[in-house]
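Close look at the chain arrangement
Take a look at the letters that make up each chain.
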Amino acid sequence: MNTLNSEAFVLFGQHILWSDMVGNLFGLAALALGWRRSIWTWPVQFLAGLILFGAFYGHLTGSAGKQAVVMAVALYGWWQWQRGKGQGGDGHIAVRFATWGERVAMAAAAVAGTVAVALLFTAYPTLSWDPWPDAYIFVGTVVAMYAQARGMVEFWFAWLLVDLVGVPLNFANGYAFSGFVYVIYGALVLWGLRDWWLRSRQAARPTLEGAPA
């Protein structure tokens, strides 16, 4: 892992680590696969989490812990999509908007989780350099991946909210490549949001009796 944590190159005065670059490229690929509703998004996300865990472990314990949670949620997502594949009529999962009850539950979990994790990071300063924004990204990532696992369009909105904090935080902590990748994430999220939104509307549209499928 020492090789992965070595410097790959310098970009605009920022030192890019191999682990930061490789892990985030896998994360970017996972997001693109999620857009296409490919079940391979989950093993790729797991691998990205594993690499980034190695990048953060030892000096950003809170970020390393986030990646451990990401890997656990990736396993959950794989299981959910294995169960739901084919429901979309094209061999993939069906996508939908969350119910209001699900939205309230996810928002409440995000707020409560962020406060709890931030207080933990504040009590143990070695876990994070920026307790509140780091907790926000930590919990926001988990909520986004949970919504993705359940095929909810809100998954994309959650990622947008994570990006708003993720970009400046990664640059501030010296993970420049992560910051650049989060910018690209934002563009992919907008495209993915449009695709899932349209698919959810098609799935909800009633089929008239006798009409061609």
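Predicted model, so just to flag it, every value in this text is computed and none were measured.

Description of the packing of helix α1 (residues 18-35) against helix α6 (residues 154-172)
Packed helix pairs are characterised by how far apart their axes lie and by the angle those axes make with each other. Where α1 contacts α6, the two axes come as close as 12 Å, and the packing angle between them is 155°. The orientation of α1 with respect to α6, classified from their angle, is roughly antiparallel. Crossing hand, α1 versus α6: left-handed. For the pair formed by α1 and α6, the contact residues are Leu 31, Gly 34 and Trp 35 on the first element and Phe 155, Trp 156 and Trp 159 on the second. Classifying every residue of the contact of α1 with α6 gives five nonpolar, one polar and no charged.

Structural notes on the layout of surface pockets
Empty space left among the atoms is revealed by rolling a probe the size of a water molecule over them. Approximately 330 Å³ is the volume attributed to the largest pocket. Every element with two or more residues in the lining of the largest pocket is listed here: α4 (100-123), α5 (131-149) and α6. By residue number, the principal contributor to the lining of the largest pocket is α4, which donates six residues. If you add up the space inside the second largest pocket, you get close to 220 Å³. Top element by residues in the lining of the second largest pocket is helix α3 (residues 61-84). It accounts for four residues.

What about the packing of aromatic side chains?
As enumerated under the stated definition, the model contains eleven aromatic pairs in all. Both rings, one in Trp 42 and one in Trp 81, keep their centres 5.5 Å apart while their planes meet at 90°; by these two values the pair is edge-to-face. On the criterion of sequence distance, the pair formed by Trp 42 in helix α2 (residues 41-56) and Trp 81 in helix α3 is long-range, its members being 39 residues apart. Take Trp 42 and Trp 81: they sit in the same class, and that class is buried. Seen from their ring centres, Phe 155 and Trp 156 are 4.3 Å apart, and the 50° between their planes marks the pair as tilted. In this structure Phe 155 comes out as buried when scored by relative accessible area, which is 0%. Residue Trp 156 is classed as buried on the basis of its relative accessible area, which comes to 0%.

Observations concerning the side chain of Ser 38
Of note, Ser 38 is situated in the loop between α1 and α2. Look at Ser 38 and you get buried, because its relative accessible area is 15%. Residues contacting Ser 38, with those up to four places away along its chain left out, are Leu 33, Trp 81 and His 92.

Some details on the pattern of salt bridges
Applying the stated criterion to the full structure yields three salt bridges. Of the charged contacts in the structure, one is a salt bridge between Arg 96 and Glu 102, with a shortest N-O distance of 2.9 Å. Across the salt bridge formed by Asp 195 and Arg 199, the nearest N and O atoms sit 3.0 Å from each other. With Asp 195 and Arg 199 both in helix α7 (residues 176-204), this residue pair falls four residues apart, about one helical turn. Taking relative accessible area as the criterion, Asp 195 reaches 17% and is therefore assigned buried. Take Arg 199: its relative accessible area is 27%, and that puts it in the partly exposed class.

Cut-offs and rules
Residue indices begin from 1 for each chain and proceed along its sequence in written order. Since the coordinates come from a predicted model, pLDDT governs what is reported: local features require at least 70, and pairs of side-chain atoms require 80 or more to be given and counted, while whole-chain, interface and lining totals use all residues. Each side-chain value is derived from all of the structure's non-hydrogen atoms; neither hydrogens nor water enter the calculation. Here, axes are lines fitted to C-alpha atoms. For helices the fit covers the stretch in contact, and angles between N-to-C directions go from 0 to 180 degrees. Secondary structure elements follow DSSP: runs of H or I of four or more residues count as helices, runs of E of two or more count as strands, with numbering from the N terminus. Throughout this description, any angle smaller than 35 degrees is read as roughly parallel, any larger than 145 degrees as roughly antiparallel, any in the 65 to 115 degree range as roughly perpendicular, and the remainder as oblique. When the near helix sits turned anticlockwise from the far one by under a right angle, the crossing is termed left-handed; a clockwise turn instead gives a right-handed crossing. In this description, contact between two residues means that some pair of their heavy atoms is separated by no more than 4.5 Å. For this classification, Asp, Glu, Lys and Arg are treated as charged, while Ala, Val, Leu, Ile, Met, Phe, Trp, Tyr, Cys and Pro are nonpolar and the rest, including Gly, are polar. Space inside and on the surface of the protein is sampled on a 1 Å grid over the protein atoms alone, with a cavity defined as a set of points where a 1.4 Å probe fits but cannot get out and a pocket as an open set with protein on both sides within 12 Å along at least 5 of 7 lines; lining residues have an atom within 4 Å of a point. Grid points are joined across faces, edges and corners, and a volume is the space filled by probe spheres set on the points. The aromatic pairing rule takes the rings of Phe, Tyr and Trp, using the six-membered ring of Trp, and pairs them if the centres are within 6.5 Å, calling planes under 30 degrees apart stacked, those over 60 edge-to-face and the rest tilted. With a 1.4 Å probe rolled over the protein chains alone, any residue whose accessible area is under 20% of its type maximum counts as buried; one over 50% counts as exposed, and the rest are partly exposed. A carboxyl oxygen of Asp or Glu within 4 Å of a side-chain nitrogen of Lys or Arg is what we treat as a salt bridge.

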